[in-house]
Amino acid sequence: MPLALLALAISAFGIGTTEFVMMGLLPDVAADMGTSVPTAGYLVSAYAIGVVIGAPLLTAVGARTPRKRMLVLLMGLFTVGNLASALAPGYGWLLAGRVLSGLPHGAFFGVGAVVAARLVTEDRRARAVATMFLGLTVANIVGVPAGTAIGQALGWRATFLLVGAIGVIAMASLAALVPHLPVEHQRGVGHEVRALGHRQVVLGLLTAVFGFGGVFAVYSYLASIMTKVTGLAESSLTIVLALFGIGMTLGALVAGPLTDRALRPTLYGGLGSLAAAMLVFHAVVDIKWAAMTMVVVLGGLGFMTTTPLQMLIMQKARHAPTLASAGNQSAFNLANAGGAWLGGVAVAAGWGWRSPMLVGVVLALAGLGIALLAGALDRGTPSRSRIVARGVPRLRRARAAESVSG
């Protein structure tokens, strides 16, 4: 694999760390800012809002910017956002810093996925994209626990200063290792937007919203589930989150080769297995060793859906893949917000802390249904090669008739 993928993975590591580390720092931030933990929780939502807004906006603005320069600029904005968070004098400024940090997230992964795919041969593109996303999964094993520990020991501002330093390292790596790729023919933002409206792209985005929403319906309440139902001590939560990250990493490693071999079957298998795993988790959650095993399985199967979805959307928008690829990141963050909200609705309705898993089952099955529908519609659409092939004999007969009559 090219060294440029290492630069992309380092960048993804920084992004993944800042995205998820706030969950472990909420009590410290709330105490320092003189606010409640639920109010501090809006800082998590602020980042997601930044992703949803920034993905299409920054991708459109940078449509004519060379890929390498765009990646460096996006990581520069990410670094500024984290430094602004570290130096925020009050809650409102911190909220703005979190939005700013989230703005480049989707655009970076959208552009990065396109660059990663162009660095390798066609039969290894899914593996290249999965390698970039490995940085995101490793962040959940190393970056988030380490950032939480540093924040608790030295103050939460130290964590964001550290992430800002990672951003500087990522910028240097991108500048040094990513080659100057030839600029493709630019068809303008309008063409990118039209590609985003392609039926298969829309169905792919909906699959991400529902399918991955099932993961976040459970992950958002994993701490409460494992302490209130499984009976683990709160001191064990760092281990639980690390186990989820290990599962994500294993899922990314498996998803790349499988997607290169059979894209849609990998997607179908991932979503179906995800629904089954959450059903099993619901049944065994009160058994400690079984529950911790299912945390790894959930992380692995959940992340197995990301690579095939990313590749599918890039394929179906192949003449304008960047905005569609970035839009997929917005879809994943909508899944984050929507899954967490639906899981919370179930708990608030009095259905207990097991109920988010059943919500996750329903969402994963909905995602699978949309994916199967998209596959069926795709098979029913004549490809350009078949249309051309059917047209050749007709053209030859017409020319022959013209020559005879002539």
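Residues numbered from 1 in each chain as written. Predicted model: local features only at pLDDT ≥ 70, side-chain atom pairs only at ≥ 80, totals over all residues. Heavy atoms only, no water.

1. Describing the environment of Ser 36
Okay, step 1: With respect to the secondary-structure elements, Ser 36 resides in the loop between helix 1 (4–33) and helix 2 (37–40).
Okay, step 2: Classification of Ser 36 by relative accessible area gives partly exposed; the value is 34%. (Helix = DSSP H or I, 4+ residues; strand = E, 2+ residues; numbered from the N terminus. Buried < 20%, exposed > 50% of the residue type's maximum accessible area, 1.4 Å probe, protein only.)

2. A word on the side chain of Ser 355
Okay, step 1: Assignment of secondary structure puts Ser 355 in helix 16 (residues 355–379).
Okay, step 2: In contact with Ser 355, other than residues within four places in its own chain, are Ala 346 and Val 347. (Contact = heavy atoms within 4.5 Å.)

3. Focus: the packing of helix 4 (residues 67–86) against helix 5 (residues 91–118)
Okay, step 1: The N-to-C vectors of helix 4 and helix 5 enclose an angle of 160 degrees; their axes lie 8 Å apart at closest approach. The orientation of helix 4 relative to helix 5 falls into the category roughly antiparallel. Our pair here, helix 4 against helix 5, has a crossing hand that is left-handed. (Axes fitted to C-alpha atoms, helices over the stretch in contact; angles between N-to-C directions. Parallel < 35°, antiparallel > 145°, perpendicular 65-115°, else oblique. Left-handed = near helix turned anticlockwise from the far one by under 90°.)

4. Re the pattern of salt bridges
Okay, step 1: Evaluation of the coordinates by the stated rule reveals 5 salt bridges.
Okay, step 2: The closest approach of N and O atoms between Arg 264 and Asp 378, which form a salt bridge, is 3.2 Å. Here Arg 264, found in helix 12 (residues 263–284), pairs with Asp 378, found in helix 16; they are 114 residues apart in sequence, far enough to count as distant.
Okay, step 3: For Arg 264, a relative accessible area of 13% gives the class buried.
Okay, step 4: Take Asp 378: its relative accessible area is 24%, and that puts it in the partly exposed class.
Okay, step 5: Note that Asp 378 is salt-bridged to Lys 316, the shortest N-O span being 2.7 Å. Linking Asp 378 in helix 16 with Lys 316 in helix 14 (residues 306–316), this pair joins segments that are 62 residues apart in sequence. (Salt bridge = Lys/Arg side-chain N within 4 Å of Asp/Glu carboxyl O.)

5. Describing the side chain of Arg 98
Okay, step 1: Along the chain, the position of Arg 98 falls in helix 5.
Okay, step 2: No salt bridge is formed by the buried Arg 98; the nearest opposite charge belongs to Glu 19, separated by 7.8 Å.
Okay, step 3: What Arg 98 contacts, discounting residues up to four positions off in sequence, is Thr 18, Glu 19, Met 22, Leu 43, Ala 46, Tyr 47, Ser 85 and Phe 160. (Lys, Arg positive; Asp, Glu negative; His and termini not counted.)

6. Comments concerning the nonpolar core
Okay, step 1: Judged by nonpolar contacts, the single largest core of 91 residues is most densely connected at Phe 108, Leu 222 and Phe 281.
Okay, step 2: Contacts of Leu 222, omitting those with residues within four sequence positions, involve Val 240, Phe 244, Phe 281 and Val 295.
Okay, step 3: The next biggest cluster of nonpolar side chains, apart from the first, holds 14 residues, and it includes Leu 26, Val 29, Ala 86 and Leu 94. (Core = buried A, V, L, I, M, F, W, Y, C linked by side-chain atoms within 4.5 Å.)

7. Considering the confidence of the model for the chain
If pLDDT is low for a region, its predicted coordinates should not be looked at in detail.
Okay, step 1: Summary statistics for the chain give a mean pLDDT of 84 and a share of 88% for residues scoring 70 or more.
Okay, step 2: Of the regions scoring below 50 in pLDDT, residues 383–406 engages in 4 contacts with residues more than four places distant in sequence or in other chains. (pLDDT = per-residue confidence, 0-100.)

8. Focus on helix 12
Okay, step 1: With 22 residues, helix 12 extends 31 Å between its outermost C-alpha atoms, agreeing within 8% with the 32 Å of an ideal straight helix rising 1.5 Å per residue.
Okay, step 2: Along helix 12, the residues that are buried comprise Leu 263, Arg 264, Thr 266, Leu 267, Tyr 268, Gly 270, Leu 271, Leu 274, Ala 275, Ala 277, Met 278 and Phe 281.
Okay, step 3: On the buried face of helix 12, the contacting elements are helix 9 (199–219), helix 10 (222–228), helix 11 (237–261), helix 13 (288–303), helix 14 and helix 16. (Expected span 1.5 Å × (residues − 1).)

9. Topic: helix 5
Okay, step 1: Compared with an ideal rise of 1.5 Å per residue, which puts 28 residues at 40 Å, helix 5 spans 42 Å between its outermost C-alpha atoms and is within 8% of the ideal.
Okay, step 2: Within helix 5, 20 of the 28 residues are buried, leaving the element largely enclosed by the surrounding structure.

10. Structural notes on the packing of aromatic side chains
Okay, step 1: This structure, assessed with the given rule, holds 10 aromatic pairs.
Okay, step 2: Consider the rings of Tyr 219 and Phe 244, whose centres lie 4.5 Å apart with planes at 35 degrees: the pair is tilted. Here Tyr 219, found in helix 9, pairs with Phe 244, found in helix 11; they are 25 residues apart in sequence, far enough to count as distant.
Okay, step 3: For Phe 244, a relative accessible area of 5% puts it in the buried group.
Okay, step 4: Of the aromatic side chains, those joined through ring pairs into one cluster are Phe 20, Phe 212, Phe 216, Tyr 219, Phe 244 and Phe 332. (Phe/Tyr/Trp six-rings, centres within 6.5 Å; stacked < 30°, edge-to-face > 60°.)

11. As for the packing of helix 9 against helix 16
Okay, step 1: In the contact formed by helix 9 and helix 16, the axes pass within 7 Å of each other and the chain directions differ by 165 degrees. Relative to helix 16, the element helix 9 is oriented roughly antiparallel. Handedness of the helix 9/helix 16 crossing: left-handed.
Okay, step 2: Each residue belonging to the contact of helix 9 with helix 16 can be placed in one class, and the counts come to 15 nonpolar, 7 polar and 2 charged. (Nonpolar A, V, L, I, M, F, W, Y, C, P; charged D, E, K, R; others polar.)

12. Considerations on a nonpolar patch on the surface
Okay, step 1: Together, Ile 246, Leu 250, Leu 253, Val 254 and Leu 258 give the surface a local cluster of nonpolar side chains, amounting to about 400 Å² of exposed area.
Okay, step 2: Assignment of secondary structure puts Leu 253 in helix 11. (Patch = residues over 30% accessible without salt bridge, like charges linked within 9 Å, V, L, I, M, F, W, Y side chains within 5 Å. Areas by Shrake-Rupley, 256 points an atom, 1.4 Å probe, with all protein chains shown as cover.)

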